[in-house]
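Residues per chain are reported as follows:
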Amino acid sequence: SPNGRTLASSGADHRIRLWNSDTGQCLKTLHGHSNWIWGLAWSPDGTTLASGSDDSTVRLWNPSTGECLKTLQGHTTWFWGVSWSPDGQILASSSGDLSIRLWDIQQGKCVKILQGHHNWIWSLAWSPDGTTLASGSDDCTIRLWNPSTGKCLKVLEGHDYWVEAIAWS
């Protein structure tokens, strides 16, 4: 979590566990997904946890109560990554369906679909100022996107294998 007190974990058992990072005690177990959970991301203010699963859904959770607040549907196959915009208003999700979806969290709906990768999209990362979204794919490229327009700004090539993780300085 942004305050460093709670760690979220997920796996093949279709559950999310919230841990006290000081004591190691499991605080809550969140149930709702029906398949493996590959992606987790805390909102910048720590009030919401996003999860993405192979059940093709993104779920938004209240970590204090364990309640599922919203289920976002739209991806058509395996799910890989989730990443919050720095202002916490937009959630990006990526999938094996070769798309990135941008979700307006207040409305609970997809507002843009970004396409251009030629294989699964594993990872997503917002620039610190929120003006660019980076995506890493099995097509061995990183794409830089303008989230406002949905346009691909650049394709970074040079990897010989999948790009599974990316991070901004």
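Residues numbered from 1 in each chain as written. Predicted model: local features only at pLDDT ≥ 70, side-chain atom pairs only at ≥ 80, totals over all residues. Heavy atoms only, no water.

Draft legend 1. Region of interest: the overall build of the protein chain. A tally of helices and strands in the protein chain yields zero helices and 15 strands. Whereas a compact globule of 169 residues would reach a radius of gyration of roughly 15 Å, the protein chain reaches 15 Å, a difference of no more than 12%. Along the first, second and third principal axes, the C-alpha set of the protein chain runs to 45 × 30 × 30 Å. Long-range pairs, those at least 24 residues apart, make up 36% of the contacts in the protein chain with a sequence separation of at least 6. Carbon and sulfur atoms form 48% of the exposed surface of the protein chain, whose accessible area is close to 8400 Å². Averaging the locations of the 12 positively and 15 negatively charged side chains of the protein chain gives two centres separated by 7 Å. (Helix = DSSP H or I, 4+ residues; strand = E, 2+ residues; numbered from the N terminus. Rg over C-alpha atoms; globule rule 2.2 N^0.38 Å. Contact = heavy atoms within 4.5 Å. Areas by Shrake-Rupley, 256 points an atom, 1.4 Å probe, with all protein chains shown as cover. Lys, Arg positive; Asp, Glu negative; His and termini not counted. Charge placed at Lys NZ, Arg CZ, Asp CG, Glu CD.)

Draft legend 2. Expanded view of the packing of aromatic side chains. Within the structure shown, the criterion is met by four aromatic pairs. Between the aromatic rings of W36 and W38, the centroid separation amounts to 5.5 Å while the plane-to-plane angle is 40 degrees, which identifies the pairing as tilted. Measuring from ring centre to ring centre gives 5.5 Å for W122 and W162, while their planes differ by 25 degrees; the resulting arrangement is stacked. Of this pair, W122 sits in strand β12 (residues 121–126) while W162 sits in the segment after β15 (151–157), and the two are 40 residues apart along the sequence. Looking at W122, the relative accessible area reads 17%, which means it is buried. A relative accessible area of 34% places W162 in the partly exposed class. (Phe/Tyr/Trp six-rings, centres within 6.5 Å; stacked < 30°, edge-to-face > 60°. Buried < 20%, exposed > 50% of the residue type's maximum accessible area, 1.4 Å probe, protein only.)

Draft legend 3. Structural view of the nonpolar core. Counting residues in hydrophobic clusters, the biggest one holds 11 residues: A41, A50, V58, L60, L72, F79, V82, W84, L91, W103 and I105. Elements that contribute at least two residues to this core include exactly β6 (57–61) and β8 (79–84). The biggest single contributor to this core is β8, with three residues. Setting aside residues no more than four positions away along its own chain, L72 makes contact with S56, T57, V58, L60, W103 and G108. Core analysis: the second largest hydrophobic core is formed by nine residues, A92, L124, L133 and W145 among them. (Core = buried A, V, L, I, M, F, W, Y, C linked by side-chain atoms within 4.5 Å.)

Draft legend 4. Broad picture of the sheet that holds strand β9 (residues 90–95). Taking strand neighbours across the sheet as the criterion, the four strands line up as β8-β9-β10-β11 in an open arrangement whose pairing is antiparallel. At either end of the open sheet lies a strand with only one pairing partner, and these are β8 and β11 (109–115). When the angles between neighbouring strand axes are averaged without regard to direction, this sheet yields 20 degrees. Two strands pair when backbone bridges link them, and β8 and β9 are joined in this way by five bridges, in the antiparallel orientation. Looking at β9, one finds that V82 is bridged to S93. (Pairing = 2+ DSSP bridges. Axes fitted to C-alpha atoms, helices over the stretch in contact; angles between N-to-C directions.)

Draft legend 5. Looking closely at the environment of P2. Position of P2 relative to the elements: it lies in the segment before β1 (6–10). A residue is classified by how much of its surface remains accessible, and P2, at 49% relative accessible area, is partly exposed. Here the alpha-carbon distance between P2 and P44, two residues 42 residues apart in the chain, equals 6.5 Å. Apart from the residues lying within four places of it in its own chain, the contact partners of P2 are W42, S43, P44, D45 and G46.

Draft legend 6. The arrangement of the pairing of strand β4 (residues 37–42) in detail. As defined by bridge partners, β4 adjoins strand β5 (residues 49–53) across five bridges and the pair is classed as antiparallel. Among the inter-strand pairings, A41 is bridged to a residue of β5, identified as A50. Taking the residues that link successive antiparallel strands as the turn, the β4-β5 hairpin has six residues, and the phi of G46 there is positive, at about 80 degrees.

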